[in-house]
Amino acid sequence: MDFVLLPIVLLAAFLNGYGIWNDQYANSYYTTAVGSMLSNFHNFFYASLDSAGSVTVDKPPVVFWIQTAFAYVFGLHGWSVILPQVLAGIGSVLLIYFMVKPTYGLAAARISALVLATVPVVAAVSRTNNIDSMLVFTLLLGSWFLFKGSKQGSTWRILVAFGLIGVAFNMKMLQAYMILPAFYLFYLIAFQAKWRRKIILLIGSTAVLAVVSLSWAVTVDSIPEDERPYIGSSETNSVMELAFGYNGLARLTGQQNTAGNAGMPNGMGQGDNRGNRGDSSSGPKQTGSDVPGVGQDVNAPDNDNMNGSNGNFPNRQMPNDMEMPNGRDFGGGMGGMFGTGEKGPLRLFQTELSGQASWLLPVVLLGCIAIFAGLRRRNITNKHKEALFWLTWLLPVAAFFSVAGFFHQYYLIMLAPPIAALTGAGFVAMWKSYRDRNGWQAWLLPVSVLLTTLFGWYIMQVYNGTIGAGWSISELIAGILVTVILIVMLHRTHQWKQGFIIAGFIVMLIGPIYWAFTPITYGGNSMIPAAGPTGSNGMFGGAGMGMPMGNGAGDTEMPTMGGRGGMGNRNEEVDTVTLNYLKEHNTGETYLFATTDYNQAAPYIIDERAAVITLGGFSGSDPVYTTDELEQLVKSGQVKYFMVGGMGGRGGNSDISDWIKEHGTEIPTSEWKTGTDSGSMDNGDTESEAGLGFGFGFGFGFGGQTTLYEVKL
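Being a predicted model, the structure only gives us computed values, none of them experimental.

## Considering the overall build of the protein chain
- When helices and strands are tallied, the protein chain shows 28 helices and nine strands.
- Among the 713 residues that make up the protein chain, the fraction classed as buried is 62%.
- Within the protein chain, contacts between residues separated by at least 24 positions form 74% of all contacts whose residues are at least 6 apart in sequence.
- Of the accessible surface of the protein chain, which amounts to about 24,900 Å², a share of 60% is contributed by carbon and sulfur atoms.

Set out below in structure tokens:
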């Protein structure tokens, strides 16, 4: 039992789990899916977003299956759907420890575990119900089997390793394949067997990878479209197209499908939404749901449906008197829009991204030099092979994020495992070279301390106005001081020499540890998590994206997190007047109401366990229903009330909206909504209900109000 590991695990548990009970809905888009999945197997299998099983979320179902199991046992709460990710984050810390220890030793394993626990983006993501923490755990588990199988020549372990990558594909599709170069390279150089057996096993492992990866997608795509939900955010109602398009190549190019563009300002959305499926249909959509779905929240998962070629606003003026933050330009396509910096080789070192996972990259660089300094052609050891594995994980992923057109800051959790492993292995290698006074290699340790603390100062000093200058200056001074001491002691023997080496490592961790605590101390963002002093207030996450909200009087204030999913989750409370009206006037319809904006459905599904239909998926513009199908729903007595609007510019299917308005009777707002008169909302209520903004799941609506229609045919 390593008693040093215990406090590291406890630290990870605290960073990942403290306060999750305050997050009522977490990422409500995903929580809503879990709620619907609890209602019946049809919704469970497809990861359906709504009670009717009309449309899926925009990711495969494996993580949601796990979250649903936890919700079944503990009840549907924010914390119960977050808990699997908390445990996955802790599990990743343990896995990195046990992967590093056999080859690099106890000290390296402890360092790697501590680093992974305190990578800021890991802490930020693992305390939400977003997929990525579970994804990283699965990839690390596969890597552990790969290491074990290669060392022992075990066929079944290699097959399991590649099979787990296939499972990870069914969590977040092509993002799981980012580590395949590392898998293939390590297998070829480390698996102990004759080449004939090695090649045959490699072919078999690749076949297992393909079968597991595509099993759910092929199954779903083979089912007739009128017997399953629409595949949310896809162009062609196909899981395969979703995997290799929207969740694949589009991430690199930044060209998203047009569904998510509906209602976007100024060229952020181009053209029409994929077209409505027309007014002809073979019959009503199969809902697969007989009872109301247990509820869940409603907010965007990745909120990936924002796209377009240009996210700029004229004269830096945003809706509702908001202005662009100084020094931040949202140009450059979606990378700029989501605060991911400018494309280029130094993107991970830019202010927008560096605070998430890049703090220790100088240590990684110099540590790898120390590891490979003694490499000889006939003397390739396990240390070299495993370092190559981690490098082949790190470099392609870093290259992708350096040029990718569309991603969120929290995707950088993919960098955390190789950074942690190489920091542990590299720091110990530099430590040994310093201790042994091994020529020029002995200088790597003090140089790494100096460069890392300088980089840490660079990251933190941007936030001096928020956190005070003491943190950045203290790290800088401490780093310089320890570096000088290490240089002075290089050719001397002193009993405190090892203590100063440890002090150097601790100094390098000042920044990452502070940043890892920011989701707790400053509040988090469950929808688009990011670490940093602006994590809860950043419009699209942390890292300098704090967005002052104008109040129309020239003053600004930052929105607070609240307990319903954090900034970005536009979660409305249940309006008791609305609920009572809909229940009192329900004449046996299966569904309480249908809505073009899933945010409106969320509190009713979650808090009231009401059966609600979402007509357009996340963006509001997925062609889930045709007008013929909608007409059949009404005629069959399944639904008669429809809520239209509420997210301002939130797209939607225009044919559906027009049909509802043409065949429906508008209900005066004063009859069914709190705080209104004469069927109209006052300004304050409009802003609180419509949110502050963009009509794409960010909870910032451009204004506009909800209208309730009763449709009888």
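After presenting the structure, the write-up continues.
## Considerations on the nonpolar core
- Formed by 161 residues in total, the largest nonpolar core has its most connected members in W390, W393, M414 and I660.
- Excluding anything up to four places from it in sequence, W390 contacts I96, M99, L140, F147, P417, P418, A421 and L422.
- Of all hydrophobic cores here, the second largest spans 16 residues; its members include I605, M643, I667 and W672.

## Considerations on the sheet that holds strand β5 (residues 641-645)
- Read across the open sheet, the five strands follow the order β4-β3-β5-β9-β6; overall the sheet is mixed. Each of the sheet's edge strands pairs with one partner strand only, and the pair in question is β4 (612-614) and β6 (664-666). On average, each strand axis in the sheet is tilted by 30° relative to the strand beside it, whichever way the strands run.
- Across the sheet, helix α26 (residues 654-663) lies against β5, β6 and β9 (706-711), angled at about 60° from β9, the strand it touches most.

## Some words on the pairing of β9
- For β9, the buried fraction is high: six of the six residues fall into the buried class.
- Here β9 shows a buried face lined by T706, L708 and E710 and a second buried face lined by T707, Y709 and V711.
- Pairing of β6 with β9, which is carried by three bridges, proceeds in the antiparallel orientation. By the bridge assignment for β9, T665 is matched with E710.

## Some remarks on the layout of surface pockets
- Approximately 310 Å³ is the volume found for the second largest pocket.
- Looking at the second largest pocket, it is lined by 18 residues, and the ones nearest its centre are F349, L361, L365, L394 and L395.
- At the level of secondary structure, the elements contributing two or more residues to the lining of the second largest pocket comprise α15 (361-372) and α16 (382-403).
- Of all the elements, α16 adds the most residues to the lining of the second largest pocket, at six residues.
- Broken down by class, the residue content of the lining of the second largest pocket amounts to 16 nonpolar, two polar and no charged.

## Details of a nonpolar patch on the surface
- Among the surface-exposed residues, L185, L188, I189, W195, I199, I203 and L388 lie close enough to one another that they form a single nonpolar patch of about 590 Å² accessible area.
- Structurally, L188 can be placed in helix α10 (residues 180-190).

## Considering the packing of helix α17 (residues 416-435) against helix α18 (residues 444-461)
- Axis separation between α17 and α18 bottoms out at 8 Å; the angle between their running directions is 130°. Overall, the two elements α17 and α18 adopt an arrangement that is oblique. Between α17 and α18, the residues in contact are F427, M430, W431 and Y434 and L444, L445, P446 and S448, respectively.
- For the contact of α17 with α18, the per-class residue count stands at seven nonpolar, one polar and no charged.

Criteria and thresholds
- Residues numbered from 1 in each chain as written.
- Predicted model: local features only at pLDDT ≥ 70, side-chain atom pairs only at ≥ 80, totals over all residues.
- Heavy atoms only, no water.
- Helix = DSSP H or I, 4+ residues; strand = E, 2+ residues; numbered from the N terminus.
- Buried < 20%, exposed > 50% of the residue type's maximum accessible area, 1.4 Å probe, protein only.
- Contact = heavy atoms within 4.5 Å.
- Areas by Shrake-Rupley, 256 points an atom, 1.4 Å probe, with all protein chains shown as cover.
- Core = buried A, V, L, I, M, F, W, Y, C linked by side-chain atoms within 4.5 Å.
- Pairing = 2+ DSSP bridges.
- Axes fitted to C-alpha atoms, helices over the stretch in contact; angles between N-to-C directions.
- 1 Å grid on protein atoms, 1.4 Å probe; cavity = no way out; pocket = protein on both sides within 12 Å on 5 of 7 lines; lining within 4 Å.
- Points joined across faces, edges and corners; volume = space filled by probe spheres on them.
- Nonpolar A, V, L, I, M, F, W, Y, C, P; charged D, E, K, R; others polar.
- Patch = residues over 30% accessible without salt bridge, like charges linked within 9 Å, V, L, I, M, F, W, Y side chains within 5 Å.
- Salt bridge = Lys/Arg side-chain N within 4 Å of Asp/Glu carboxyl O.
- Parallel < 35°, antiparallel > 145°, perpendicular 65-115°, else oblique.

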